[in-house]
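Single-letter residue listing:
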Amino acid sequence: MAKTKKKVGKLSIADMRSLINKKAGMSVAHNLNEDSPTIVKDWISTGSRWLDSIICRGKLTGIPVGKITEIAGLESTGKSYMAAQVAANAQKMGIDVVYFDSESAIDPTFLEKAGCNVDNLLYVQATSVEFVLETIEDLLGSNENRMLFIWDSLALTPAVSDIKSIKNKYLTLSF
């Protein structure tokens, strides 16, 4: 039997967008002049008017809702405090806060002093990178609430393979 060749022709941008969205099973390819996913419609204040104003060129904004935001800096420069401030402001907006902590070092009093309602904040020990990502995926798939995920600190969260490697090293030591 002879194989029939698929006819190759020119596709319009709209046809390419449709093809990609069909393959992905959801809307991932967009016309930026129509319903652009890059436009931020909602913001959570950082608690600093100065910082909020420079994040988006002079507008009082903050952390963009629906986007991944990384707070980077040297050790002991206030990253956790800023995250707690953002969490408190998110709670004031009715957003559920899930706080992943890889160091098990966050103090509830610290969060309360930053303005968080600790009773309405879900604290999760970040045991591995995979665990955190799977938990976020599960919560997003089973909850219609607006949520803010804080991960303190991604850099210090081990991968499952690292944990297994360490366990194997300790199990195989002999004296």
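Residues numbered from 1 in each chain as written. Predicted model: local features only at pLDDT ≥ 70, side-chain atom pairs only at ≥ 80, totals over all residues. Heavy atoms only, no water.

> Report on the nonpolar core, specifying residues and quantitative values.
Judged by nonpolar contacts, the single largest core of 18 residues is most densely connected at Val 97, Leu 111, Leu 148 and Ile 150. Mapped by element, the contributors of at least two residues to this core are α3 (79–92), β3 (96–101) and β5 (147–152). Sort the elements by how many residues they give to this core and α3 lands first, with six residues. Residues contacting Leu 148, with those up to four places away along its chain left out, are Ile 44, Val 86, Ala 87, Ala 90, Ile 95, Asp 96, Val 97 and Val 98. Judged by nonpolar contacts, the second largest core, of six residues, contains Val 98, Val 124, Ala 126 and Val 132. (Core = buried A, V, L, I, M, F, W, Y, C linked by side-chain atoms within 4.5 Å. Buried < 20%, exposed > 50% of the residue type's maximum accessible area, 1.4 Å probe, protein only. Helix = DSSP H or I, 4+ residues; strand = E, 2+ residues; numbered from the N terminus. Contact = heavy atoms within 4.5 Å.)

> Account for the pairing of strand β4 (residues 121–125), with residues named and values stated.
Bridge count between β3 and β4: five bridges; the pairing is parallel. Residue pairing across strands places Phe 100 opposite Val 124, the latter belonging to β4. Considered for its hand, the β-α-β crossover made up of β3, helix α4 (residues 108–113) and β4 is right-handed. (Pairing = 2+ DSSP bridges. Right-handed = clockwise from strand over helix to strand, strands pointing away.)

> Could you give an account of the side chain of Thr 61, naming the residues involved and the relevant values?
Tracing the backbone through its elements, the reader meets Thr 61 in the loop between α2 (49–55) and β2 (63–64). Side-chain polar atoms of Thr 61 contact the backbone oxygen of Asp 52, separated by 3.0 Å. In this structure Thr 61 touches Trp 43, Ile 44, Ser 45, Asp 52, Ile 55 and Cys 56, once residues within four positions along its chain are discounted. (Polar contact = N/O pair within 3.5 Å; in protein donor to acceptor, adjacent residues only side chain to side chain.)

> Can you break down the pattern of salt bridges residue by residue, with the values?
Two side chains of opposite charge can pair, provided their charged atoms sit close to one another. For the structure shown, the criterion picks out one salt bridge. Here Arg 146 makes a salt bridge to Asp 42, at a shortest N to O gap of 2.5 Å. Of this pair, Arg 146 sits in the loop between α5 (129–142) and β5 while Asp 42 is found in the loop between α1 (13–24) and β1 (43–44), placing the two residues 104 residues apart along the sequence. Take Asp 42: its relative accessible area is 27%, and that puts it in the partly exposed class. (Salt bridge = Lys/Arg side-chain N within 4 Å of Asp/Glu carboxyl O.)

> Just give me the short version of the environment of Leu 139, but keep the residues and values in it.
Residue placement: Leu 139 occurs in helix α5. Beyond its immediate stretch of four places on either side in the chain, Leu 139 contacts Val 98, Met 147 and Phe 149.

> I'd like a description of α3, backed by residues and values.
Over its 14 residues, α3 runs 20 Å from end to end, which matches the ideal 20 Å to within 8%, given 1.5 Å per residue. On its buried face, α3 is in contact with β1, β2, β3, α4, β4 and β5. Note on α3: the residue one or two positions beyond its end, Gly 94, has a positive phi of about 85°. (Expected span 1.5 Å × (residues − 1).)

> Mind laying out α1, listing which residues take part and the relevant values?
Its twelve residues give α1 an end-to-end C-alpha distance of 16 Å, which sits within 8% of 16 Å, the value for a rise of 1.5 Å per residue. After α1 finishes, the residue Gly 25 shows a positive phi value of roughly 80°.

> Mind laying out the environment of Glu 112, listing which residues take part and the relevant values?
Note on placement: Glu 112 falls in helix α4. Separated by 24 residues in sequence, Glu 112 and Ala 88 have C-alpha atoms that sit 8.6 Å apart.

> So what's going on with the sheet that holds β4? Residues and values would help.
In a beta sheet, neighbouring strands pair by backbone hydrogen bonds and run either parallel or antiparallel. What the three strands build is an open sheet, ordered β4-β3-β5; its pairing is parallel. In this open sheet, the two edge strands, each paired with only one partner strand, are β4 and β5. Between one strand and the next, the sheet's axes are offset by a mean angle of 20°, whatever the strand orientation. Two elements, β3 and β5, share six bridges in a ladder whose sense is parallel. Among the inter-strand pairings, Tyr 99 is bridged to a residue of β5, identified as Ile 150. Each of β3, β4 and β5 is contacted by α3, which is oriented at about 165° to β5, the strand it contacts most. Strand contacts of α5: β3, β4 and β5, with the helix running at about 175° to β5, the strand carrying the most contacts. (Axes fitted to C-alpha atoms, helices over the stretch in contact; angles between N-to-C directions.)

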